[in-house]
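Architecture at a glance
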Amino acid sequence: MRLGKGNRILPYSVLVGPLEIGDDNVIGPHAVLGSEPQNTRDRWTPSTGRVVIGNRNVIREFTGVHKPVLAAETRIGDRCFLMHTTHVAHDCVLQDDVTLTTLSGISGHTVMLRGVTMAASATSHQHSVVGHFSMVGMGAQLQKNLPPFARYVPRSPLSVNEYAIEKFGFQEHEPEIREYVLRRTRPTTPLLLAIVEEFERHHLASGRDSF
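The present account deals with the structure reproduced in this document. Starting afresh in each chain, residues are numbered from 1 along the sequence in its written order. In keeping with the model being predicted, local features are shown solely for residues with a pLDDT of at least 70 and side-chain atom pairs are shown and tallied solely at 80 or more, while totals for entire chains, interfaces and linings include all residues. Side-chain descriptors were evaluated using all non-hydrogen atoms of the structure, hydrogens and water having been removed beforehand.

Notes on the pairing of strand β10 (residues 73-76)
So the rule is basically this: At least two DSSP bridges between two strands are required for those strands to pair. What counts as a helix is a DSSP run of H or I of at least four residues, what counts as a strand is a run of E of at least two, and both are numbered from the N terminus.
Pairing of strand β7 (residues 50-53) with β10, which is carried by four bridges, proceeds in the parallel orientation. Bridge assignment links R50 to a residue of β10, and that residue is E73. Bridging between β10 and strand β13 (residues 93-94) involves two bridges; their strand directions are parallel. Looking at the pairing, R75 lines up with V93 of β13.

So this is what it looks like as structure tokens:
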């Protein structure tokens, strides 16, 4: 186990190696990091992989993060906020600034790109890709890959995640973002185009449908 500097490990949390944790994280009571994956095809064979957690994350009480089944790592980036009773399954990747709100859970092999928010009790299907700065609405079951900057609410058309545009400073690009989310007009601004292309790479690799 590798533990960085300035971490606050609160009472009754359980850390199971191999596990790497960076600096200045807060790990709440009864969180379990590095437990064995819940693999329905083989519930007995221990994982040979590890969990890697970056810096300045807040992982609140009763959250669970599982070791991988196929990949080398289950990975959480920097500045993520995993609220009370959230679940990160095997082989998942959370990039920086991801927020999982209370009782949300992501299934195995899900990739959450930068700035995603999962609202309370939202879930993802296995192998899902959740695009940068997008939001999955409260209680939603995400069964298709979600493009960047989109907001998914069940039984409603996709909308633009204005909250992320303001939070992450994309106001000057809002018209181009709207065209992309609502009409799939490919952006021309290099920053936005790089975001879309990264999402597309993960989307194609996942083999899943997209909105």
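Here's the deal with the nonpolar core
Generally speaking, a soluble globular protein has its nonpolar side chains buried in company with each other. We count it as follows: Here, nonpolar core refers to any group of buried Ala, Val, Leu, Ile, Met, Phe, Trp, Tyr and Cys residues whose side-chain atoms link them within 4.5 Å. For every residue, the accessible area obtained with a 1.4 Å probe (protein chains only) is divided by the maximum for its type, and the residue is called buried under 20%, exposed over 50%, and partly exposed between those limits. Contacts are assigned to residue pairs that have any heavy atoms within 4.5 Å of one another.
Counting residues in each nonpolar core, the largest one holds 47 residues, and the members touching the most others are L82, L94, L100, M112, V136, F149 and F170. Of all elements in the fold, only β4 (19-21), β7, β16 (111-112), β19 (129-130), β22 (150-152), α1 (162-167), α2 (174-183) and α3 (190-206) reach the threshold of two or more residues within this core. For this core, the element with the highest residue contribution is α3, accounting for four residues. What L94 contacts, discounting residues up to four positions off in sequence, is R75, I76, G77, L82, V88, L100, I106 and M112.

Comments concerning α3
Owing to its 3.6 residues per turn, the α-helix aligns residues three or four sequence positions apart on the same side. Our working definition: Here a helix's expected span is defined as the number of its residues, less one, multiplied by 1.5 Å. Summarising the geometry, the arc corresponds to the directions from the helix axis toward the C-beta atoms.
With 17 residues, α3 extends 24 Å from end C-alpha to end C-alpha; this agrees with the ideal 24 Å at 1.5 Å per step. Buried residues of α3: L192, I195, V196, F199, H203 and S206, and no others. Angularly, the buried residues of α3 cover 95° about the axis, an arc narrow enough to put them on a single face. In α3, the exposed residues that point more than 90 degrees away from the buried face are P190, R201, L204 and A205. Packed against the buried residues of α3 are β19 and α2.

Regarding α2
What α2 keeps buried is the set I177, Y180 and V181. Looking straight down α2, one finds its buried side chains confined to an arc of 90°; they lie on one side. Relative to its buried face, α2 has exposed residues pointing more than 90 degrees away, namely P175 and R183. The inward-facing, buried residues of α2 abut β22, β23 (159-160), α1 and α3. Within two residues after α2, R184 carries a phi angle of roughly 60°, on the positive side.

Structural notes on the pattern of salt bridges
Quick reminder of the rule: Between Lys or Arg on one side and Asp or Glu on the other, a salt bridge is scored when a side-chain nitrogen of the former is within 4 Å of a carboxyl oxygen of the latter.
This model, assessed by the stated rule, comprises 13 salt bridges. E174 is the salt-bridge partner of R178, the closest N and O atoms lying 3.1 Å from each other. Remark: E174 and R178 occur in helix α2; sequence separation between them is four residues, near one turn of the helix. Among the residues examined, E174 registers a relative accessible area of 24% and is labelled partly exposed. Taking the shortest distance from any N to any O, the salt bridge between R186 and E200 comes out at 2.8 Å. Taken together, the residues R186 in the loop between α2 and α3 and E200 in helix α3 connect sequence positions 14 residues apart. On the accessibility criterion, R186 (43% relative accessible area) is partly exposed. Look at E200 and you get partly exposed, because its relative accessible area is 26%. Members of the salt-bridge network, linked through shared partners, are E20, R50, E73 and R75.

A few points about the environment of D91
Using the following cut-off: Contacts described as polar in this section are N or O atom pairs within 3.5 Å, which, within protein, must combine one atom able to donate a hydrogen with one able to accept it, while residues neighboring in sequence count only if both atoms come from side chains.
Within the secondary structure, D91 is located in the loop between β12 (87-88) and β13. You can call D91 buried: its relative accessible area is 7%. In sequence terms D91 and D23 are 68 residues apart; their C-alpha atoms lie 22 Å from each other. A polar contact of 3.0 Å, which involves the side chain of D91, links it to the backbone nitrogen of L70. Within polar-contact distance, the side chain of D91 engages the side chain of H90 at 2.7 Å.

All quantities given are derived from atomic positions and should not be read as evidence of function.
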